[in-house]
Amino acid sequence: MESLYFLLPLFFIVALVIPLNIKIKLCFNAQNEMVYVSIFLWKLKLVLFKIFPKDKSIIVTTKKHKKEIEFSLSIKQIYFVEQLTNNLKSKTQIKKICIYGKVGLVDAYKTAMACSTLITFIEIIFCYIKNKKPTCSMENNISPCFNKDIMLFSLYASFSITLFDLLYSIVISLFSLRSKKYERDARKSKIS
């Protein structure tokens, strides 16, 4: 008779291989300089927080704790984030990107020019993403608002990554902090 203890390692192996479906909703209000971010894992909301600049730092507040966290990044942390994003680029499967926006300036001519410039800029970014990730579906809906002074954008991104790839990228990024290349880059940035 087989032991049921073999199910435990099987569960961990399957959990490492099944892709995590992550959805990010980002709302940016350019007039108030605030960003609202909500992150979902499958259909469960993991976190909702608000980001805004204050003096020379960034303030992050969550809805549950009502606590403000002020942080600024060091060179080591910036290098880690850069290495992590480079490692995750090829491992993520982007499924959908939607950008919605309302642009309104006082003058109708300026509003039309701003809308057309933003739509062109977003389509250029979409072409770049489509060349790298051809299975991604994209939607761009920037609309003018001629009677209000408004600058509001919303981004919806859906992607999947396996837990193994995520953990592997984090470990590789942590090991890259101990490399000679990081020390050389840190010395160069201190000199300049």
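Everything here concerns the structure above.
Residues numbered from 1 in each chain as written. Predicted model: local features only at pLDDT ≥ 70, side-chain atom pairs only at ≥ 80, totals over all residues. Heavy atoms only, no water.

> Outline the packing of helix α2 (residues 75–89) against helix α4 (residues 163–176), listing residues and values.
In contact at an axis separation of 9 Å, α2 and α4 are set at 140° when each is read in the N-to-C sense. Classed by the angle they form, the pair α2 and α4 counts as oblique. The hand of the α2/α4 crossing is right-handed. Where α2 abuts α4, its residues Tyr-79, Phe-80, Gln-83, Leu-84, Asn-87 and Leu-88 lie against Asp-165, Leu-166, Ser-169, Ile-170, Ile-172, Ser-173, Leu-174 and Ser-176. Residues belonging to the contact of α2 with α4 are distributed by class as follows: 8 nonpolar, 5 polar and 1 charged. (Axes fitted to C-alpha atoms, helices over the stretch in contact; angles between N-to-C directions. Helix = DSSP H or I, 4+ residues; strand = E, 2+ residues; numbered from the N terminus. Parallel < 35°, antiparallel > 145°, perpendicular 65-115°, else oblique. Left-handed = near helix turned anticlockwise from the far one by under 90°. Contact = heavy atoms within 4.5 Å. Nonpolar A, V, L, I, M, F, W, Y, C, P; charged D, E, K, R; others polar.)

> Describe the pairing of strand β8 (residues 150–162), naming the residues involved and giving the relevant values.
Here strand β1 (residues 19–29) runs beside β8; their pairing, made up of 11 bridges, is antiparallel. Residue pairing for β8: Cys-27 is matched across the bridge by Ser-154. The pairing of strand β6 (residues 93–104) with β8 spans 11 bridges and is antiparallel. Directly across from Gly-101, in β8, lies its bridge partner Phe-153. (Pairing = 2+ DSSP bridges.)

> An account of a nonpolar patch on the surface is requested, with residue identities and associated values reported.
On the surface, a nonpolar cluster with roughly 590 Å² of combined accessible area is contributed by Leu-4, Leu-7, Leu-10, Val-14, Ile-18 and Trp-42. Structurally, the position occupied by Leu-10 is in helix α1 (residues 7–17). (Patch = residues over 30% accessible without salt bridge, like charges linked within 9 Å, V, L, I, M, F, W, Y side chains within 5 Å. Areas by Shrake-Rupley, 256 points an atom, 1.4 Å probe, with all protein chains shown as cover. Salt bridge = Lys/Arg side-chain N within 4 Å of Asp/Glu carboxyl O.)

> I'd like a rundown of the environment of Leu-20, residues and numbers included.
Structurally, Leu-20 is set in strand β1. C-alpha of Leu-20 to C-alpha of Phe-159: the two residues are 139 residues apart in sequence and 8.3 Å apart in space. Excluding anything up to four places from it in sequence, Leu-20 contacts Leu-41, Trp-42, Phe-159, Ser-160, Ile-161, Thr-162 and Leu-163.

> Explain the pairing of strand β2 (residues 34–41) residue by residue, including any values.
Judged from the 8 bridges that link them, β1 and β2 form a sheet pairing that is antiparallel. The residue of β2 that forms the bridge with Cys-27 is Tyr-36. Here β1 hands over to β2 after 4 residues, with Glu-33 in that stretch at a positive phi of 55°. Relative to strand β3 (residues 44–54), β2 runs antiparallel, the two sharing 7 bridges. Paired with Tyr-36 across the strands is Lys-50, a residue of β3. Between β2 and β3, which pair antiparallel one after the other, the connecting turn spans 2 residues, and Trp-42 there sits at a positive phi close to 55°.

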